[in-house]
Amino acid sequence: MSALILIVEDEPQLAEVLEAYARQEGYRTERAGDGVSALTVFRAASPDLILLDVMLPGKSGLDVLKAVRADGQTPVIMVTARAEETDQIVGLELGADDYVVKPFRPREVMARVKAVLRRASAVLEDDEKPLRVGVLEIDRRAVMARVHGHALNLTPAEFRLLCHLAEAPGRAFTREELLAAALPDSDALERVVDAHLASVRRKLDASGAGHLLHTVRGVGYRLGAVA
């Protein structure tokens, strides 16, 4: 069955255009025009991906994103008329997987949809064993990271970044390298890496493993306990 896309947009004409392009690509669609109905449809339909406008009546797109992340890790692409980098970073810190800025070309949005769905459902090789760094265990086949047996609630982008760091414990990766590994089809800025890893650090801290993630001044990040 084809992927189900939930389009959350309060401009009916734009929503119709996005829906038409999504169906042309073979996706099934649901639509919502405000934040409250978006959450109702999300919980009833369990979409595979959400195209989520930031500026919505009633409940903002960021509030919707928080609620979606509280329920699970459904991929979310933020759609915003705000070009400011800080607004984009806020969405990514809250768990968005990517973003597009209005005005945009619908085909560009569909390319992002394909890329995010592809990353979210990437098939792993049979010989990919769990990764372990100190008290952190990463099961790539189950797409699950645990500390002392307790699961971390990571977004798909956060999980990919953590996997990449865990594949070479102790090595310092640049933001450019991490961006290429986690968001290879996105034109996101390198500061996006900081936003995602700030969220990862908070989740590791809450599990008692914040000491494993290190910022390397002038370089980027590394994973592993200090010797």
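The following refers to the structure shown. This structure is a prediction, so every number in the text was calculated from the model and none was measured. (Residues numbered from 1 in each chain as written. Predicted model: local features only at pLDDT ≥ 70, side-chain atom pairs only at ≥ 80, totals over all residues. Heavy atoms only, no water.)

1. Notes on the packing of helix α6 (residues 156-166) against helix α8 (residues 191-206)
Between α6 and α8, the shortest axis-to-axis distance is 10 Å and the interhelical angle comes to 80 degrees. One finds that α6 runs roughly perpendicular with respect to α8. On α8, the residues that touch Ala157, Glu158, Leu161, Leu162 and Leu165 of α6 are His196, Leu197, Ser199, Val200 and Lys203. For the contact of α6 with α8, the per-class residue count stands at 6 nonpolar, 2 polar and 2 charged. (Axes fitted to C-alpha atoms, helices over the stretch in contact; angles between N-to-C directions. Helix = DSSP H or I, 4+ residues; strand = E, 2+ residues; numbered from the N terminus. Parallel < 35°, antiparallel > 145°, perpendicular 65-115°, else oblique. Contact = heavy atoms within 4.5 Å. Nonpolar A, V, L, I, M, F, W, Y, C, P; charged D, E, K, R; others polar.)

2. As for helix α7 (residues 175-182)
Within α7, the full set of buried residues consists of Leu178, Leu179 and Ala182. Take α7 and look down its axis: the buried residues cluster within an arc of 100 degrees, on one side only. Tucked inside the fold, the buried residues of α7 contact α5 (106-120), α6, β10 (173-174), α8 and β12 (220-223). (Buried < 20%, exposed > 50% of the residue type's maximum accessible area, 1.4 Å probe, protein only. Arc of directions from axis to C-beta.)

3. What to know about the pattern of salt bridges
Enumeration over the complete set of coordinates arrives at 15 salt bridges. Here Arg175 ties to Asp194 by a salt bridge, and the two come within 2.7 Å at their closest N and O atoms. Placement of Arg175 in helix α7 and of Asp194 in helix α8 is noted, with a sequence separation of 19 residues between them. The network of salt bridges with common partners includes Glu9, Glu11, Asp53 and Lys102. (Salt bridge = Lys/Arg side-chain N within 4 Å of Asp/Glu carboxyl O.)

4. Description of the sheet that holds strand β5 (residues 98-101)
Strand order across the open sheet formed by 5 strands is β2-β1-β3-β4-β5, with parallel pairing between neighbours. A single partner strand is all that each edge strand has here, and the edge strands are β2 (28-32) and β5. Going from strand to strand, the sheet's axes swing by 20 degrees on average, the running direction of each strand aside. Taken together, the 5 bridges between strand β1 (residues 4-8) and β2 define a ladder with parallel strand orientation. Considered in β2, the bridge of Val8 is made with Ala32. (Pairing = 2+ DSSP bridges.)

5. Topic: the pairing of strand β8 (residues 144-147)
Along β8, the buried face is formed by Ala145 and Val147; none of Met144 and Arg146, which line the opposite face, is buried. Here strand β7 (residues 136-139) pairs with β8 via 4 bridges, running antiparallel. Within β8, the position partnered with Leu136 by the bridge is Val147. In sequence, β7 turns back onto β8 through a hairpin of 4 residues, with Val143 there showing a positive phi of about 50 degrees.

6. As for the packing of helix α2 (residues 35-45) against helix α3 (residues 61-71)
Two elements in contact, α2 and α3, have axes whose closest approach is 10 Å; the angle formed by their N-to-C orientations is 20 degrees. The angle between the axes of α2 and α3 places the two elements in the roughly parallel class. Seen from above, α2 lies across α3 with right-handed handedness. Contacts between α2 and α3 involve Gly35, Ala38, Leu39, Phe42 and Arg43 from the first element and Val64, Ala67, Val68 and Asp71 from the second. Across the contact of α2 with α3, the residue classes tally to 6 nonpolar, 1 polar and 2 charged. (Left-handed = near helix turned anticlockwise from the far one by under 90°.)

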